[in-house]
Amino acid sequence: MTSGPTTIFTTMTALAEATGAINLGQGFPDFDGPPALLDAAAAALRGGQNQYAPLAGVGALLEAIAAHQERRYGLRFDPSSEIQVTFGATEALAAALLALVERGDEVAMLDPSYDSYGAGVALAGGRAVPIVLEPPEWRLEAAALDAAITPRTRLIIVNSPHNPTGRVLDRAELELLAAACRKHDLIALTDEVYEHLIYEGEHIPLATLPGMAERTITVSGIGKTHSVTGWKIGWACGPAELITRVRAVKQYLSFAGGTPLQHASAAALRFPDSVAGELASALRDKRDRLAAGLRSAGFEVFASAGTYFLNADVSPLGEEDAAALCARLPHEAGVAAIPTSAFAADPAGATRSLVRFAFCKRDAVLAEAIERLLAWASGGT
Ligand code: PMP
Ligand code: GLN
């Protein structure tokens, strides 16, 4: 397991609550999703949609996911055999890893990476192998990819837009990944939960590259796109043969749940693109506000093209160990954040002095956090 018994997100949110710190750690918005989405959920709840969903997912949601994938990316999935609804993207990822990774298999993944990948690989008895991305660019380099692939590699996990770095992989990087998958006959498991939270560049699903649709499981969910992270409605799309295996595991993890929220998510996937577009443009503005505030407090801020997150180097402030700093910061500054090293295979490596801040917060909350960090950095707390 990667992060010990309690994840860094739980630890830091508890610390923020205990100290009254502003929580720029765990990635969740402090504002609600679109009213039409909440209305759709309430209507489903009041309309008697409160019993088990079918194992694959509510029919309307399966249809809406298929329509979304085709409309946005030209990817065609058969709703009855090529899509599985899950309890968040997390369950889709876990079920895919448990279904496809055998004891001793290696799973290559971008490093740093979201913590549930390493944990899922460990649960399946596999071994996580990092494909190291170097700050501040965090570009996928061919040499790092080659170094991570061995005859035991079974699967590659690709996350773009990428947590924790905010990178959006470009076509050249995706082509490197696709070429490796084709050459070594690997399955790709993609985590695209931030697909609509993009501020620079464009989201290109790996499954759209030549030869990839037949070997890719594409995972996403409703939580980030519409600011309802507590709903935990996710999905996996892919060839029937792979989705059948994911489904076989998923039925014993949770069977089927969230029926009214599945109905509401179906409605949300049919919202005009402007709804998610407005959220992305608000988040872009929040990213810029927080970046400017952190810069004036003396942090070195790295670019972020997507997600809820940006990274900052604390060494200009005379701090080398961001994990130690993040443990002190709620007490000293009244702000909580996550050390980027919590996502890295080697916490003593290039992420050691980096902090990940979440900017998906109301403007007044960001302004207060910036004020607190400015006061802290100038020694005035
Ligand atoms: N993948 C990434 C990259 C994430 O940041 C998160 C955070 N929530 C998840 C998956 C989990 O998604 P869900 O809440 O839908 O399980
Ligand atoms: N995805 C969220 C983050 O990266 C955390 C979700 C969780 O708490 N597991 O902050």
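This text follows the structure it describes.
By convention here, each chain's residues receive numbers from 1 onward along its written sequence. Here chains are named by letter from A upward and ligands by number from 1 upward, in the order in which they appear as written. The predicted nature of this model means local features are confined to residues of pLDDT at least 70 and side-chain atom pairs, given and counted, to a pLDDT of 80 or more, with totals for whole chains, interfaces and linings taken over all residues. Side-chain measures here rest on the full set of heavy atoms in the structure, leaving out hydrogens and waters.

**What to know about the overall build of the protein chain**
Turning to step 1, where the next piece is worked out: A count of helices and strands for the protein chain gives 12 helices and 13 strands.
Turning to step 2, where the next piece is worked out: Relative to a compact globule of 381 residues, whose C-alpha radius of gyration would be 21 Å, the protein chain shows 20 Å and is just as compact.
Turning to step 3, where the next piece is worked out: Taken along the three principal axes of its C-alpha coordinates, the protein chain extends 60 × 55 × 35 Å.
Turning to step 4, where the next piece is worked out: Within the protein chain, the proportion of its 381 residues that are buried is 57%.
Turning to step 5, where the next piece is worked out: Only heavy atoms matter for contacts: two residues are in contact if any of them lie within 4.5 Å across the pair. Of all intrachain contacts in the protein chain linking residues separated by at least 6 positions in sequence, the fraction that spans at least 24 positions is 76%. For helices the rule is a DSSP run of H or I covering at least 4 residues; for strands it is a run of E covering at least 2, with both sets numbered from the N terminus onward. For a compact globule the rule gives 2.2 Å times the number of residues to the power 0.38, and the radius of gyration it is set against comes from C-alpha atoms. Each residue gets one of three labels from its accessible area relative to the maximum for its type: buried under 20%, exposed over 50%, partly exposed in between, using a 1.4 Å probe on protein chains only.

**Focus: the site of ligand 1**
Turning to step 1, where the next piece is worked out: All residues adjacent to ligand 1 are Gly88, Ala89, Thr90, Tyr114, Tyr117, Asn159, Asn163, Asp191, Val193, Tyr194, Lys224 and Lys232.
Turning to step 2, where the next piece is worked out: Polar contacts here mean pairs of N or O atoms no more than 3.5 Å apart (in protein, one a potential hydrogen donor and the other a potential acceptor; neighbouring residues in sequence count only if both atoms are side-chain atoms). In this structure, Tyr194 approaches ligand 1 through a side-chain N or O atom, which is 2.7 Å from an oxygen atom.
Turning to step 3, where the next piece is worked out: Within the contact set of ligand 1, a nitrogen atom lies 2.3 Å away from a side-chain nitrogen or oxygen of Lys224.
Turning to step 4, where the next piece is worked out: Shrake-Rupley sampling with a 1.4 Å probe provides the accessible areas, and residues are treated as covered by the protein chains on show and by no other component. When the free accessible area of ligand 1 is taken as 400 Å², the share hidden by the protein chains comes to 91%.
Turning to step 5, where the next piece is worked out: Per element, the largest residue contribution to the shell around ligand 1 is 3 residues, and it comes from helix 4 (residues 88-100). It suffices for a single heavy atom of a residue to lie within 4 Å of a molecule or strand for the residue to be listed as near it.

**Digging into a nonpolar patch on the surface**
Turning to step 1, where the next piece is worked out: On the surface, a cluster of nonpolar side chains totalling about 270 Å² of accessible area is made up of Leu98, Leu123 and Leu253.
Turning to step 2, where the next piece is worked out: The residue Leu123 is located in helix 5 (residues 115-123) in this model. Exposure above 30% relative accessible area and no salt bridge define the residues that can form patches, which grow by joining like charges within 9 Å and nonpolar side chains of Val, Leu, Ile, Met, Phe, Trp and Tyr within 5 Å. Note on definitions: salt bridges are taken to be side-chain nitrogens of Lys or Arg within 4 Å of carboxyl oxygens of Asp or Glu.

**Section: the pairing of strand 8 (residues 233-237)**
Side-chain direction in a regular strand flips from residue to residue, so the side chains alternate between the two faces of the sheet.
Turning to step 1, where the next piece is worked out: Among the 5 residues that make up strand 8, 5 are buried, leaving the element largely enclosed by the rest of the structure.
Turning to step 2, where the next piece is worked out: Neither face of strand 8 is left uncovered, since the one carrying Ile233, Trp235 and Cys237 and the one carrying Gly234 and Ala236 both have all their residues buried.
Turning to step 3, where the next piece is worked out: Two elements, strand 7 (residues 216-221) and strand 8, share 4 bridges in a ladder whose sense is antiparallel. Note that in strand 8 the partner of Val219 across the bridge is Ala236. The criterion for strand pairing is that DSSP finds at least two bridges linking the strands in question.

**A short note on the site of ligand 2**
Turning to step 1, where the next piece is worked out: Around ligand 2, a shell composed of Phe9, Gln26, Gly27, Tyr114, Asn163, Tyr194, Phe309 and Arg356 is seen.
Turning to step 2, where the next piece is worked out: At 2.7 Å, a backbone N or O of Gly27 approaches an oxygen atom of ligand 2.
Turning to step 3, where the next piece is worked out: Take Asn163: an N or O atom from its side chain is 2.9 Å from an oxygen atom of ligand 2.
Turning to step 4, where the next piece is worked out: Within the complex, 81% of the 300 Å² of free accessible area of ligand 2 lies under protein.
Turning to step 5, where the next piece is worked out: Under the grouping applied here, Gly and all other residues not named as nonpolar or charged are polar, the nonpolar ones being Ala, Val, Leu, Ile, Met, Phe, Trp, Tyr, Cys and Pro and the charged ones Asp, Glu, Lys and Arg. Residue composition of the shell around ligand 2, by class: 4 nonpolar, 3 polar and 1 charged.

**Focus: the nonpolar core**
Turning to step 1, where the next piece is worked out: As used in this record, nonpolar core signifies buried Ala, Val, Leu, Ile, Met, Phe, Trp, Tyr and Cys residues forming a set joined through side-chain atoms within 4.5 Å. Residues Leu155, Ile157, Leu189, Ile217, Leu294, Phe299 and Phe357 are the most contacted members of the largest nonpolar core, which totals 68 residues.
Turning to step 2, where the next piece is worked out: Ranked by residues supplied to this core, first place goes to helix 4 with 8 residues.
Turning to step 3, where the next piece is worked out: Not counting the four nearest positions on each side in its chain, Phe357 is found in contact with Leu24, Leu290, Leu294, Phe299, Tyr308, Phe309, Leu310, Ala312, Ala337 and Leu373.
Turning to step 4, where the next piece is worked out: By size, the runner-up hydrophobic cluster in this structure holds 29 residues, among which are Ala53, Ile65, Leu75 and Ala264.

**Description of the pairing of strand 10 (residues 309-313)**
Turning to step 1, where the next piece is worked out: Most of strand 10 sits inside the fold, with 5 of its 5 residues counted as buried.
Turning to step 2, where the next piece is worked out: Of the two faces of strand 10, the one lined by Phe309, Asn311 and Asp313 and the one lined by Leu310 and Ala312 are each fully buried.
Turning to step 3, where the next piece is worked out: The pairing of strand 9 (residues 300-301) with strand 10 spans 2 bridges and is classified as antiparallel. When the bridges of strand 10 are listed, Val301 appears paired with Ala312.
Turning to step 4, where the next piece is worked out: Summarising the sheet, strand 10 and strand 13 (residues 354-358) pair through 5 bridges and their orientation is antiparallel. In the strand pairing of strand 13, Leu310 is matched with Phe357.

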